[in-house]
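Remarks on the overall topology
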Amino acid sequence: MSAAIDTSVIVVFSIFIMLVGFSFSRTGRNLKSFFAAGEAVPWFIGGLSLFMSFFSAGTFVAWGSIAYKYGWVAITIQWTMCIGGLVTGLYLAPKWKATGNLTAAEFIRERLGEAVQKSYIYIFMIVSLMIKGSVLYSVARLVSSSLGFPLMPSTVVLGLFMIAYTAVGGLWAVMVTDILQFVILTAAILIIIPLAFDAAGGVEHFIKFSPQGFFDVVNGEYTWGFILAFALYHIFYIGGNWTFVQRYTSVDTPKSASKVAYLFAGLYIISPVLWMLPPMLYKTINPGLQGLETENAYLMICQHVLPAGLMGLILTGMYFSTSASANTALNVVSAVFTNDIYKGTINPKASDKKLMSVARISSWFFGLGMIIVALIVPYIGGIVEFTLSIGAITGGPLLAPPLWALFSKRLTGKVTLYVTGISLTANLVFKIILPFLTEYKLSRANEMLLGVGLPFIMLALYEIYAYYKGRTSEEYLHLKTLKAERKASPVLVTVEEAFEIQKQNKFGLKVIAFSLCFIAVLLYVLCFFSAGSASLVAGIATVILLSSLIPLRAAGKVKL
(Lines give C-alpha, C1' and ligand atoms only; values in the text may rest on other atoms or scores of the structure.)
Protein backbone atom coordinates (compact mmCIF):
# COMPACT_ATOMS: atom_id res chain seq x y z
CA MET A 1 0.00 0.00 0.00
CA SER A 2 2.77 2.44 0.97
CA ALA A 3 4.75 1.81 -2.24
CA ALA A 4 1.57 2.23 -4.31
CA ILE A 5 0.85 5.63 -2.71
CA ASP A 6 4.46 6.79 -3.19
CA THR A 7 4.43 5.67 -6.81
CA SER A 8 1.12 7.46 -7.38
CA VAL A 9 2.57 10.71 -5.99
CA ILE A 10 5.59 10.44 -8.32
CA VAL A 11 3.37 9.69 -11.34
CA VAL A 12 0.94 12.56 -10.64
CA PHE A 13 3.74 15.10 -10.16
CA SER A 14 5.59 13.78 -13.22
CA ILE A 15 2.55 14.09 -15.49
CA PHE A 16 1.88 17.58 -14.17
CA ILE A 17 5.48 18.72 -14.74
CA MET A 18 5.38 17.25 -18.23
CA LEU A 19 2.20 19.19 -19.02
CA VAL A 20 3.80 22.38 -17.69
CA GLY A 21 6.77 21.86 -20.01
CA PHE A 22 4.50 21.15 -22.98
CA SER A 23 2.50 24.32 -22.27
CA PHE A 24 5.52 26.31 -23.47
CA SER A 25 5.77 24.45 -26.78
CA ARG A 26 4.34 27.41 -28.71
CA THR A 27 6.34 30.13 -26.96
CA GLY A 28 9.74 29.36 -28.54
CA ARG A 29 9.55 31.36 -31.77
CA ASN A 30 13.30 31.66 -32.41
CA LEU A 31 16.68 30.89 -30.83
CA LYS A 32 16.59 33.94 -28.59
CA SER A 33 13.20 33.06 -27.11
CA PHE A 34 13.91 29.31 -26.92
CA PHE A 35 17.40 29.49 -25.36
CA ALA A 36 17.44 32.89 -23.63
CA ALA A 37 13.71 33.48 -22.94
CA GLY A 38 13.90 36.76 -24.86
CA GLU A 39 16.61 38.06 -22.48
CA ALA A 40 13.84 39.33 -20.19
CA VAL A 41 13.65 36.73 -17.43
CA PRO A 42 12.91 38.22 -13.95
CA TRP A 43 16.12 38.01 -11.91
CA PHE A 44 14.54 36.14 -8.99
CA ILE A 45 13.34 33.40 -11.36
CA GLY A 46 16.79 33.25 -12.94
CA GLY A 47 18.40 32.99 -9.46
CA LEU A 48 16.12 30.17 -8.30
CA SER A 49 16.63 28.40 -11.60
CA LEU A 50 20.42 28.73 -11.26
CA PHE A 51 20.18 27.32 -7.74
CA MET A 52 18.09 24.35 -8.86
CA SER A 53 20.30 23.79 -11.90
CA PHE A 54 23.36 23.54 -9.68
CA PHE A 55 22.38 20.62 -7.50
CA SER A 56 20.65 17.32 -8.03
CA ALA A 57 20.00 13.96 -6.45
CA GLY A 58 23.79 13.68 -6.62
CA THR A 59 23.83 16.28 -3.83
CA PHE A 60 21.95 13.86 -1.61
CA VAL A 61 23.84 10.78 -2.77
CA ALA A 62 27.41 12.17 -2.99
CA TRP A 63 27.42 14.87 -0.31
CA GLY A 64 24.96 12.81 1.76
CA SER A 65 27.51 9.99 1.75
CA ILE A 66 30.21 12.40 2.96
CA ALA A 67 27.84 13.81 5.63
CA TYR A 68 27.15 10.31 6.92
CA LYS A 69 30.83 9.36 7.06
CA TYR A 70 32.49 12.63 8.13
CA GLY A 71 29.72 14.94 9.36
CA TRP A 72 29.74 18.73 9.17
CA VAL A 73 32.52 18.91 6.56
CA ALA A 74 29.88 18.07 3.93
CA ILE A 75 28.28 21.43 4.74
CA THR A 76 31.67 23.20 4.67
CA ILE A 77 32.32 21.80 1.19
CA GLN A 78 29.01 23.17 -0.08
CA TRP A 79 29.59 26.59 1.49
CA THR A 80 32.41 27.01 -1.04
CA MET A 81 29.61 27.29 -3.60
CA CYS A 82 28.32 30.35 -1.72
CA ILE A 83 31.78 31.93 -2.09
CA GLY A 84 31.71 31.18 -5.81
CA GLY A 85 28.28 32.79 -6.09
CA LEU A 86 29.37 35.98 -4.32
CA VAL A 87 32.47 36.43 -6.48
CA THR A 88 30.40 35.75 -9.58
CA GLY A 89 27.81 38.34 -8.57
CA LEU A 90 30.47 40.97 -7.92
CA TYR A 91 32.62 40.51 -11.01
CA LEU A 92 31.65 37.77 -13.46
CA ALA A 93 27.87 37.74 -14.03
CA PRO A 94 27.64 41.42 -15.07
CA LYS A 95 30.63 40.91 -17.37
CA TRP A 96 28.90 38.02 -19.13
CA LYS A 97 25.72 40.05 -19.62
CA ALA A 98 27.72 43.02 -20.92
CA THR A 99 29.26 40.89 -23.69
CA GLY A 100 25.93 40.86 -25.52
CA ASN A 101 26.43 37.22 -26.52
CA LEU A 102 23.72 34.54 -26.46
CA THR A 103 26.07 31.76 -25.29
CA ALA A 104 29.51 31.48 -23.72
CA ALA A 105 30.65 29.69 -26.87
CA GLU A 106 29.68 32.72 -28.94
CA PHE A 107 31.85 34.96 -26.72
CA ILE A 108 34.77 32.54 -26.98
CA ARG A 109 34.58 32.63 -30.78
CA GLU A 110 34.56 36.42 -30.89
CA ARG A 111 37.21 36.93 -28.22
CA LEU A 112 39.55 33.95 -28.66
CA GLY A 113 38.90 32.73 -32.17
CA GLU A 114 37.03 29.98 -33.97
CA ALA A 115 39.69 27.31 -33.34
CA VAL A 116 39.39 27.76 -29.57
CA GLN A 117 35.60 27.80 -29.77
CA LYS A 118 35.41 24.54 -31.71
CA SER A 119 37.86 22.79 -29.38
CA TYR A 120 35.92 23.97 -26.32
CA ILE A 121 32.55 23.08 -27.80
CA TYR A 122 33.42 19.44 -28.32
CA ILE A 123 35.08 19.06 -24.92
CA PHE A 124 32.25 20.92 -23.17
CA MET A 125 29.56 18.74 -24.71
CA ILE A 126 31.36 15.54 -23.69
CA VAL A 127 32.02 16.77 -20.12
CA SER A 128 28.45 18.03 -19.70
CA LEU A 129 26.99 14.71 -20.75
CA MET A 130 29.31 12.86 -18.34
CA ILE A 131 28.41 15.08 -15.39
CA LYS A 132 24.68 15.04 -16.05
CA GLY A 133 24.75 11.34 -16.75
CA SER A 134 26.18 10.85 -13.27
CA VAL A 135 23.37 12.80 -11.63
CA LEU A 136 20.78 10.85 -13.62
CA TYR A 137 22.38 7.70 -12.19
CA SER A 138 21.95 9.13 -8.69
CA VAL A 139 18.24 9.71 -8.95
CA ALA A 140 17.63 6.42 -10.77
CA ARG A 141 19.39 4.63 -7.93
CA LEU A 142 17.22 6.39 -5.35
CA VAL A 143 13.97 5.66 -7.16
CA SER A 144 14.82 2.06 -8.00
CA SER A 145 16.02 1.25 -4.47
CA SER A 146 13.07 2.82 -2.69
CA LEU A 147 10.31 1.49 -4.95
CA GLY A 148 11.90 -1.84 -5.86
CA PHE A 149 12.31 -1.20 -9.59
CA PRO A 150 15.34 -2.48 -11.57
CA LEU A 151 18.10 0.13 -11.90
CA MET A 152 18.64 0.01 -15.67
CA PRO A 153 14.99 0.41 -16.78
CA SER A 154 14.53 3.14 -14.14
CA THR A 155 17.51 5.03 -15.57
CA VAL A 156 16.20 4.85 -19.12
CA VAL A 157 12.61 5.84 -18.28
CA LEU A 158 13.60 8.73 -16.02
CA GLY A 159 16.13 9.95 -18.57
CA LEU A 160 13.61 9.93 -21.42
CA PHE A 161 11.16 11.89 -19.30
CA MET A 162 13.82 14.51 -18.52
CA ILE A 163 14.59 15.02 -22.18
CA ALA A 164 10.98 15.35 -23.31
CA TYR A 165 9.92 18.67 -21.81
CA THR A 166 13.32 20.30 -22.42
CA ALA A 167 13.14 19.46 -26.11
CA VAL A 168 9.61 20.83 -26.33
CA GLY A 169 9.58 23.94 -24.15
CA GLY A 170 13.05 25.52 -24.13
CA LEU A 171 14.49 27.72 -21.39
CA TRP A 172 11.19 29.00 -19.98
CA ALA A 173 9.94 25.42 -19.56
CA VAL A 174 13.19 24.55 -17.76
CA MET A 175 13.05 27.60 -15.48
CA VAL A 176 9.37 27.28 -14.55
CA THR A 177 9.79 23.63 -13.67
CA ASP A 178 12.95 24.60 -11.74
CA ILE A 179 10.78 26.81 -9.50
CA LEU A 180 8.27 24.03 -8.93
CA GLN A 181 11.04 21.59 -8.13
CA PHE A 182 12.51 24.06 -5.64
CA VAL A 183 9.16 24.25 -3.85
CA ILE A 184 8.62 20.48 -3.84
CA LEU A 185 12.10 19.73 -2.58
CA THR A 186 12.03 22.43 0.10
CA ALA A 187 8.67 21.16 1.34
CA ALA A 188 9.99 17.59 1.51
CA ILE A 189 13.16 18.59 3.40
CA LEU A 190 11.23 20.72 5.92
CA ILE A 191 9.01 17.73 6.61
CA ILE A 192 11.81 15.20 7.04
CA ILE A 193 14.10 17.22 9.39
CA PRO A 194 11.85 17.26 12.51
CA LEU A 195 10.93 13.60 11.94
CA ALA A 196 14.63 12.68 11.64
CA PHE A 197 15.53 14.51 14.88
CA ASP A 198 12.71 12.68 16.64
CA ALA A 199 13.93 9.30 15.33
CA ALA A 200 17.51 10.12 16.45
CA GLY A 201 16.39 10.85 20.03
CA GLY A 202 16.50 14.64 19.86
CA VAL A 203 19.25 17.25 19.56
CA GLU A 204 21.11 16.34 22.77
CA HIS A 205 21.20 12.63 21.95
CA PHE A 206 22.39 13.40 18.40
CA ILE A 207 25.27 15.58 19.62
CA LYS A 208 26.26 13.21 22.45
CA PHE A 209 26.38 10.01 20.40
CA SER A 210 27.92 11.37 17.19
CA PRO A 211 31.49 10.18 16.38
CA GLN A 212 34.46 12.25 17.50
CA GLY A 213 35.19 15.10 15.10
CA PHE A 214 31.73 14.77 13.50
CA PHE A 215 31.07 18.50 13.87
CA ASP A 216 34.56 19.66 12.84
CA VAL A 217 34.64 22.11 9.95
CA VAL A 218 37.16 19.92 8.10
CA ASN A 219 37.54 16.18 8.51
CA GLY A 220 39.17 13.14 6.93
CA GLU A 221 40.54 13.61 3.42
CA TYR A 222 38.62 16.88 3.10
CA THR A 223 41.29 19.20 4.50
CA TRP A 224 41.66 22.99 4.42
CA GLY A 225 43.74 22.56 1.27
CA PHE A 226 40.83 20.77 -0.39
CA ILE A 227 38.35 23.43 0.79
CA LEU A 228 40.55 26.23 -0.56
CA ALA A 229 40.95 24.51 -3.93
CA PHE A 230 37.23 23.68 -4.07
CA ALA A 231 36.34 27.33 -3.37
CA LEU A 232 38.58 28.45 -6.26
CA TYR A 233 37.10 25.73 -8.45
CA HIS A 234 33.58 26.99 -7.73
CA ILE A 235 34.50 30.54 -8.65
CA PHE A 236 35.49 29.14 -12.04
CA TYR A 237 32.52 26.76 -12.20
CA ILE A 238 29.70 29.08 -11.13
CA GLY A 239 31.18 32.04 -12.98
CA GLY A 240 32.19 30.26 -16.16
CA ASN A 241 30.19 27.08 -16.70
CA TRP A 242 28.26 27.53 -19.94
CA THR A 243 25.10 26.21 -18.30
CA PHE A 244 25.14 28.96 -15.68
CA VAL A 245 26.29 31.71 -18.04
CA GLN A 246 22.94 31.26 -19.77
CA ARG A 247 21.24 32.42 -16.55
CA TYR A 248 23.28 35.64 -16.55
CA THR A 249 22.64 36.42 -20.22
CA SER A 250 18.88 35.72 -20.14
CA VAL A 251 18.04 38.63 -17.79
CA ASP A 252 17.66 42.25 -18.88
CA THR A 253 20.70 44.09 -17.43
CA PRO A 254 24.16 43.44 -15.88
CA LYS A 255 22.72 44.51 -12.51
CA SER A 256 20.04 41.81 -12.79
CA ALA A 257 22.73 39.29 -13.71
CA SER A 258 24.52 40.11 -10.44
CA LYS A 259 21.27 39.64 -8.51
CA VAL A 260 20.90 36.16 -10.03
CA ALA A 261 24.28 35.15 -8.58
CA TYR A 262 23.64 36.85 -5.21
CA LEU A 263 20.36 34.98 -4.76
CA PHE A 264 22.17 31.73 -5.55
CA ALA A 265 24.84 32.57 -2.93
CA GLY A 266 22.25 33.40 -0.29
CA LEU A 267 20.39 30.14 -0.81
CA TYR A 268 23.66 28.22 -0.53
CA ILE A 269 24.30 29.61 2.96
CA ILE A 270 21.15 28.00 4.38
CA SER A 271 20.34 25.02 2.18
CA PRO A 272 23.43 22.82 2.84
CA VAL A 273 22.61 22.77 6.56
CA LEU A 274 19.04 21.63 5.85
CA TRP A 275 20.12 19.05 3.28
CA MET A 276 22.91 17.43 5.27
CA LEU A 277 21.22 17.11 8.66
CA PRO A 278 19.18 13.98 7.75
CA PRO A 279 22.17 11.75 6.74
CA MET A 280 24.15 13.10 9.73
CA LEU A 281 21.26 12.14 12.01
CA TYR A 282 21.11 8.70 10.43
CA LYS A 283 24.68 8.09 11.60
CA THR A 284 23.39 7.89 15.20
CA ILE A 285 20.46 5.67 14.16
CA ASN A 286 22.45 3.20 12.05
CA PRO A 287 26.24 3.69 12.23
CA GLY A 288 27.11 0.49 10.36
CA LEU A 289 26.99 1.50 6.68
CA GLN A 290 30.19 0.81 4.74
CA GLY A 291 31.60 1.52 1.26
CA LEU A 292 29.04 2.38 -1.42
CA GLU A 293 26.27 1.63 1.09
CA THR A 294 26.82 5.15 2.47
CA GLU A 295 25.45 6.55 -0.80
CA ASN A 296 22.04 5.27 0.36
CA ALA A 297 22.16 7.04 3.75
CA TYR A 298 19.71 9.73 2.68
CA LEU A 299 17.29 7.23 1.23
CA MET A 300 17.46 5.09 4.37
CA ILE A 301 16.62 7.94 6.74
CA CYS A 302 13.68 8.83 4.50
CA GLN A 303 12.41 5.27 4.55
CA HIS A 304 12.94 5.16 8.32
CA VAL A 305 10.81 8.20 9.22
CA LEU A 306 8.45 9.15 6.38
CA PRO A 307 4.85 7.89 6.18
CA ALA A 308 3.20 6.76 2.94
CA GLY A 309 2.98 9.45 0.29
CA LEU A 310 5.68 11.66 1.76
CA MET A 311 8.38 9.23 0.62
CA GLY A 312 7.03 9.73 -2.89
CA LEU A 313 7.16 13.49 -2.32
CA ILE A 314 10.85 13.55 -1.41
CA LEU A 315 11.71 11.17 -4.24
CA THR A 316 9.84 13.51 -6.57
CA GLY A 317 11.82 16.44 -5.18
CA MET A 318 15.13 14.63 -5.64
CA TYR A 319 14.22 13.43 -9.10
CA PHE A 320 13.12 16.83 -10.32
CA SER A 321 16.08 18.59 -8.76
CA THR A 322 18.16 16.24 -10.90
CA SER A 323 16.02 16.90 -13.93
CA ALA A 324 16.50 20.64 -13.33
CA SER A 325 20.26 20.20 -13.45
CA ALA A 326 20.22 17.82 -16.40
CA ASN A 327 17.63 19.75 -18.38
CA THR A 328 19.56 22.99 -18.02
CA ALA A 329 22.66 21.25 -19.33
CA LEU A 330 20.70 19.74 -22.22
CA ASN A 331 19.25 23.14 -23.07
CA VAL A 332 22.69 24.76 -23.14
CA VAL A 333 24.43 21.93 -25.02
CA SER A 334 21.61 22.05 -27.57
CA ALA A 335 21.94 25.86 -27.73
CA VAL A 336 25.67 25.62 -28.36
CA PHE A 337 25.24 22.97 -31.04
CA THR A 338 22.38 24.80 -32.79
CA ASN A 339 23.72 28.35 -32.53
CA ASP A 340 27.47 27.79 -32.80
CA ILE A 341 27.88 24.63 -34.87
CA TYR A 342 24.78 24.24 -37.05
CA LYS A 343 24.00 27.92 -37.60
CA GLY A 344 27.62 29.08 -37.31
CA THR A 345 29.23 26.48 -39.60
CA ILE A 346 26.83 24.02 -41.23
CA ASN A 347 23.89 26.18 -42.31
CA PRO A 348 24.38 29.94 -41.65
CA LYS A 349 21.23 30.83 -43.64
CA ALA A 350 18.90 28.47 -41.77
CA SER A 351 15.43 29.84 -41.04
CA ASP A 352 14.07 30.19 -37.50
CA LYS A 353 11.77 27.23 -38.15
CA LYS A 354 14.70 25.06 -39.23
CA LEU A 355 16.82 26.14 -36.24
CA MET A 356 14.00 25.32 -33.82
CA SER A 357 13.71 21.86 -35.37
CA VAL A 358 17.48 21.30 -35.01
CA ALA A 359 17.35 22.56 -31.41
CA ARG A 360 14.69 20.04 -30.40
CA ILE A 361 16.27 17.11 -32.26
CA SER A 362 19.70 17.84 -30.75
CA SER A 363 18.16 17.92 -27.26
CA TRP A 364 17.01 14.34 -27.78
CA PHE A 365 20.35 13.27 -29.24
CA PHE A 366 22.41 14.65 -26.35
CA GLY A 367 19.87 13.39 -23.83
CA LEU A 368 20.32 9.83 -25.05
CA GLY A 369 24.08 10.26 -24.57
CA MET A 370 23.40 11.32 -20.97
CA ILE A 371 21.41 8.13 -20.38
CA ILE A 372 24.27 5.98 -21.70
CA VAL A 373 26.72 7.65 -19.29
CA ALA A 374 24.32 7.08 -16.38
CA LEU A 375 24.21 3.38 -17.16
CA ILE A 376 28.02 3.00 -16.82
CA VAL A 377 28.57 5.08 -13.63
CA PRO A 378 28.24 2.05 -11.28
CA TYR A 379 31.16 0.39 -13.05
CA ILE A 380 33.64 3.27 -12.57
CA GLY A 381 33.79 3.81 -8.81
CA GLY A 382 30.47 5.32 -7.78
CA ILE A 383 29.07 8.84 -7.75
CA VAL A 384 31.49 10.54 -5.28
CA GLU A 385 34.64 9.41 -7.10
CA PHE A 386 33.15 10.13 -10.51
CA THR A 387 31.86 13.63 -9.68
CA LEU A 388 34.95 14.91 -7.89
CA SER A 389 37.32 13.43 -10.48
CA ILE A 390 35.53 15.01 -13.45
CA GLY A 391 35.54 18.35 -11.66
CA ALA A 392 39.22 18.14 -10.76
CA ILE A 393 40.32 17.09 -14.25
CA THR A 394 38.25 19.44 -16.41
CA GLY A 395 37.08 22.39 -14.27
CA GLY A 396 40.18 24.60 -14.25
CA PRO A 397 41.45 23.88 -17.79
CA LEU A 398 38.07 24.58 -19.44
CA LEU A 399 36.64 27.37 -17.30
CA ALA A 400 39.61 29.51 -16.23
CA PRO A 401 40.80 30.76 -19.69
CA PRO A 402 37.42 32.14 -20.89
CA LEU A 403 36.89 33.86 -17.53
CA TRP A 404 40.37 35.35 -17.79
CA ALA A 405 39.52 36.57 -21.28
CA LEU A 406 36.56 38.55 -19.90
CA PHE A 407 39.07 40.88 -18.24
CA SER A 408 42.34 40.47 -20.17
CA LYS A 409 43.24 42.23 -23.41
CA ARG A 410 46.44 40.20 -23.76
CA LEU A 411 45.27 36.57 -23.71
CA THR A 412 45.38 35.01 -27.18
CA GLY A 413 43.58 32.02 -28.65
CA LYS A 414 46.86 30.17 -29.15
CA VAL A 415 47.88 30.61 -25.49
CA THR A 416 44.39 29.52 -24.41
CA LEU A 417 44.75 26.23 -26.27
CA TYR A 418 48.19 25.65 -24.75
CA VAL A 419 46.94 26.35 -21.21
CA THR A 420 43.91 24.09 -21.65
CA GLY A 421 45.87 21.29 -23.33
CA ILE A 422 48.75 21.25 -20.84
CA SER A 423 46.42 21.45 -17.83
CA LEU A 424 44.13 18.68 -19.06
CA THR A 425 47.11 16.46 -19.86
CA ALA A 426 48.71 17.01 -16.44
CA ASN A 427 45.42 16.28 -14.67
CA LEU A 428 44.86 13.09 -16.65
CA VAL A 429 48.43 11.92 -15.97
CA PHE A 430 48.19 12.42 -12.22
CA LYS A 431 44.60 11.19 -11.91
CA ILE A 432 44.58 8.15 -14.21
CA ILE A 433 47.94 7.21 -15.77
CA LEU A 434 50.31 7.42 -12.76
CA PRO A 435 47.96 5.58 -10.35
CA PHE A 436 47.56 2.84 -12.97
CA LEU A 437 51.31 2.49 -13.71
CA THR A 438 52.95 3.20 -10.34
CA GLU A 439 50.10 3.18 -7.76
CA TYR A 440 51.09 6.78 -6.92
CA LYS A 441 47.95 8.78 -6.20
CA LEU A 442 47.43 12.43 -5.23
CA SER A 443 45.39 13.20 -2.15
CA ARG A 444 41.92 14.62 -2.73
CA ALA A 445 43.17 18.11 -1.78
CA ASN A 446 46.26 17.99 -4.04
CA GLU A 447 44.21 16.59 -6.91
CA MET A 448 41.85 19.57 -6.69
CA LEU A 449 44.69 22.06 -6.20
CA LEU A 450 46.46 20.78 -9.31
CA GLY A 451 43.24 20.95 -11.32
CA VAL A 452 42.46 24.60 -10.54
CA GLY A 453 45.92 25.93 -9.64
CA LEU A 454 47.93 24.94 -12.71
CA PRO A 455 45.83 26.80 -15.34
CA PHE A 456 45.53 29.82 -13.04
CA ILE A 457 49.31 30.03 -12.58
CA MET A 458 49.94 29.58 -16.33
CA LEU A 459 47.47 32.33 -17.21
CA ALA A 460 48.97 34.69 -14.63
CA LEU A 461 52.52 34.07 -15.88
CA TYR A 462 51.51 34.76 -19.48
CA GLU A 463 49.65 37.93 -18.45
CA ILE A 464 52.79 39.23 -16.71
CA TYR A 465 54.97 38.30 -19.69
CA ALA A 466 52.64 39.99 -22.19
CA TYR A 467 52.36 43.08 -19.98
CA TYR A 468 56.12 43.62 -19.91
CA LYS A 469 56.32 42.97 -23.64
CA GLY A 470 53.54 45.48 -24.25
CA ARG A 471 51.47 42.98 -26.24
CA THR A 472 47.77 43.20 -26.97
CA SER A 473 45.90 40.23 -28.43
CA GLU A 474 44.78 40.54 -32.04
CA GLU A 475 41.58 38.74 -31.07
CA TYR A 476 40.91 41.40 -28.45
CA LEU A 477 41.36 44.19 -31.03
CA HIS A 478 39.01 42.32 -33.38
CA LEU A 479 36.40 42.11 -30.60
CA LYS A 480 36.66 45.86 -29.97
CA THR A 481 36.02 46.52 -33.66
CA LEU A 482 33.06 44.11 -33.64
CA LYS A 483 31.53 45.82 -30.59
CA ALA A 484 31.94 49.24 -32.20
CA GLU A 485 30.12 48.01 -35.30
CA ARG A 486 27.28 46.63 -33.18
CA LYS A 487 26.99 49.87 -31.28
CA ALA A 488 26.81 51.80 -34.52
CA SER A 489 24.17 49.47 -35.96
CA PRO A 490 22.17 48.05 -33.04
CA VAL A 491 19.65 45.29 -33.64
CA LEU A 492 16.31 46.83 -32.75
CA VAL A 493 13.55 44.74 -31.21
CA THR A 494 10.38 45.08 -33.25
CA VAL A 495 7.07 45.95 -31.62
CA GLU A 496 5.83 42.45 -32.43
CA GLU A 497 8.90 40.81 -30.86
CA ALA A 498 8.63 42.96 -27.72
CA PHE A 499 4.96 42.01 -27.41
CA GLU A 500 5.75 38.29 -27.75
CA ILE A 501 8.51 38.53 -25.10
CA GLN A 502 6.15 40.21 -22.62
CA LYS A 503 3.43 37.70 -23.48
CA GLN A 504 5.83 34.81 -22.84
CA ASN A 505 6.90 36.24 -19.47
CA LYS A 506 3.32 36.89 -18.36
CA PHE A 507 2.34 33.36 -19.34
CA GLY A 508 5.32 31.89 -17.45
CA LEU A 509 4.44 33.77 -14.24
CA LYS A 510 0.81 32.63 -14.45
CA VAL A 511 1.90 29.02 -14.94
CA ILE A 512 4.11 29.28 -11.84
CA ALA A 513 1.19 30.65 -9.76
CA PHE A 514 -1.17 27.91 -10.95
CA SER A 515 1.44 25.21 -10.37
CA LEU A 516 2.07 26.34 -6.78
CA CYS A 517 -1.66 26.05 -6.12
CA PHE A 518 -1.63 22.54 -7.57
CA ILE A 519 1.30 21.51 -5.34
CA ALA A 520 -0.49 22.91 -2.28
CA VAL A 521 -3.68 20.98 -3.09
CA LEU A 522 -1.73 17.74 -3.55
CA LEU A 523 -0.03 18.27 -0.17
CA TYR A 524 -3.44 18.79 1.45
CA VAL A 525 -4.49 15.43 -0.01
CA LEU A 526 -1.33 13.80 1.41
CA CYS A 527 -2.36 14.99 4.89
CA PHE A 528 -4.87 12.10 4.95
CA PHE A 529 -1.99 9.60 4.68
CA SER A 530 0.50 11.41 6.91
CA ALA A 531 -0.75 10.27 10.32
CA GLY A 532 1.10 12.28 13.00
CA SER A 533 2.73 14.52 10.40
CA ALA A 534 -0.56 15.85 9.00
CA SER A 535 -0.39 19.24 10.74
CA LEU A 536 3.19 19.81 9.55
CA VAL A 537 2.29 18.92 5.96
CA ALA A 538 -0.83 21.11 6.08
CA GLY A 539 1.18 24.08 7.38
CA ILE A 540 3.71 23.79 4.56
CA ALA A 541 0.90 23.42 2.01
CA THR A 542 -0.67 26.64 3.29
CA VAL A 543 2.62 28.53 2.95
CA ILE A 544 2.97 27.29 -0.66
CA LEU A 545 -0.63 28.29 -1.43
CA LEU A 546 -0.06 31.81 -0.13
CA SER A 547 3.26 32.08 -2.00
CA SER A 548 1.38 31.56 -5.29
CA LEU A 549 0.17 35.15 -4.89
CA ILE A 550 3.73 36.43 -5.56
CA PRO A 551 4.03 35.30 -9.22
CA LEU A 552 0.33 36.05 -9.74
CA ARG A 553 0.85 39.69 -8.71
CA ALA A 554 4.04 39.86 -10.80
CA ALA A 555 2.09 38.60 -13.83
CA GLY A 556 -0.49 41.34 -13.26
CA LYS A 557 2.25 43.97 -13.52
CA VAL A 558 3.36 42.77 -16.95
CA LYS A 559 1.65 45.07 -19.46
CA LEU A 560 0.85 43.81 -22.95
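Scoring rules and cut-offs
Residues numbered from 1 in each chain as written. Predicted model: local features only at pLDDT ≥ 70, side-chain atom pairs only at ≥ 80, totals over all residues. Heavy atoms only, no water. pLDDT = per-residue confidence, 0-100. Helix = DSSP H or I, 4+ residues; strand = E, 2+ residues; numbered from the N terminus. Contact = heavy atoms within 4.5 Å. Axes fitted to C-alpha atoms, helices over the stretch in contact; angles between N-to-C directions. Parallel < 35°, antiparallel > 145°, perpendicular 65-115°, else oblique. Nonpolar A, V, L, I, M, F, W, Y, C, P; charged D, E, K, R; others polar. Salt bridge = Lys/Arg side-chain N within 4 Å of Asp/Glu carboxyl O. Buried < 20%, exposed > 50% of the residue type's maximum accessible area, 1.4 Å probe, protein only. Phe/Tyr/Trp six-rings, centres within 6.5 Å; stacked < 30°, edge-to-face > 60°.

Take the confidence of the model for the protein chain next. Averaged over all residues, the pLDDT of the protein chain is 80; the fraction at 70 or higher stands at 84%. Across the protein chain, the element-wise mean pLDDT spans from 45 in helix α2 (residues 31-36) up to 93 in helix α5 (residues 73-99). Note on residues 28-38: pLDDT under 50 across the span, and 52 contacts to partners over four residues away in sequence or across chains.

For the rest of this paragraph, the subject is the packing of helix α10 (residues 224-240) against helix α11 (residues 242-249). Here α10 crosses α11 at 55°, and the two axes come no closer than 6 Å. One element, α10, and the other, α11, form an angle in the oblique class. Residues Tyr237, Ile238, Gly239 and Gly240 of α10 touch α11, and the partners they reach there are Trp242, Phe244, Val245 and Tyr248. In terms of residue class, the contact of α10 with α11 is made up of six nonpolar, two polar and no charged.

This paragraph deals with the pattern of salt bridges. A side chain of one charge can pair with a side chain of the opposite charge if their charged atoms are brought near each other. This model, assessed by the stated rule, comprises two salt bridges. Residue Lys118 pairs with Glu114 through a salt bridge whose shortest N-O separation is 3.2 Å. Taken together, the residues span about one helical turn, with Lys118 and Glu114 both in helix α7 (residues 114-147) at a distance of four residues. For Glu114, a relative accessible area of 42% translates into the label partly exposed. Linking Glu463 and Arg410 is a salt bridge whose minimum nitrogen-to-oxygen distance equals 3.3 Å. You can see Glu463 sitting in helix α18 (residues 444-469) and its partner Arg410 sitting in the loop between α16 (383-407) and α17 (413-438), a full 53 residues away along the chain. Of the two residues, Glu463 and Arg410, both sit in the buried class.

Okay, the packing of aromatic side chains next. Scanning the entire structure with this criterion turns up 23 aromatic pairs. Measuring from centroid to centroid gives 5.7 Å for Phe51 and Trp275, while their planes differ by 25°, and the two rings are stacked. Here the residue Phe51 occupies a position in helix α3 (residues 43-54), and Trp275 occupies one in helix α12 (residues 254-285), the gap between them amounting to 224 residues. Note on Trp275: relative accessible area 5%, which makes it buried. Judged by centre distance (6.1 Å) and plane angle (85°), the ring pair of Phe197 and Phe206 falls under edge-to-face. Side by side, Phe197 and Phe206 carry an identical accessibility label, which is buried.

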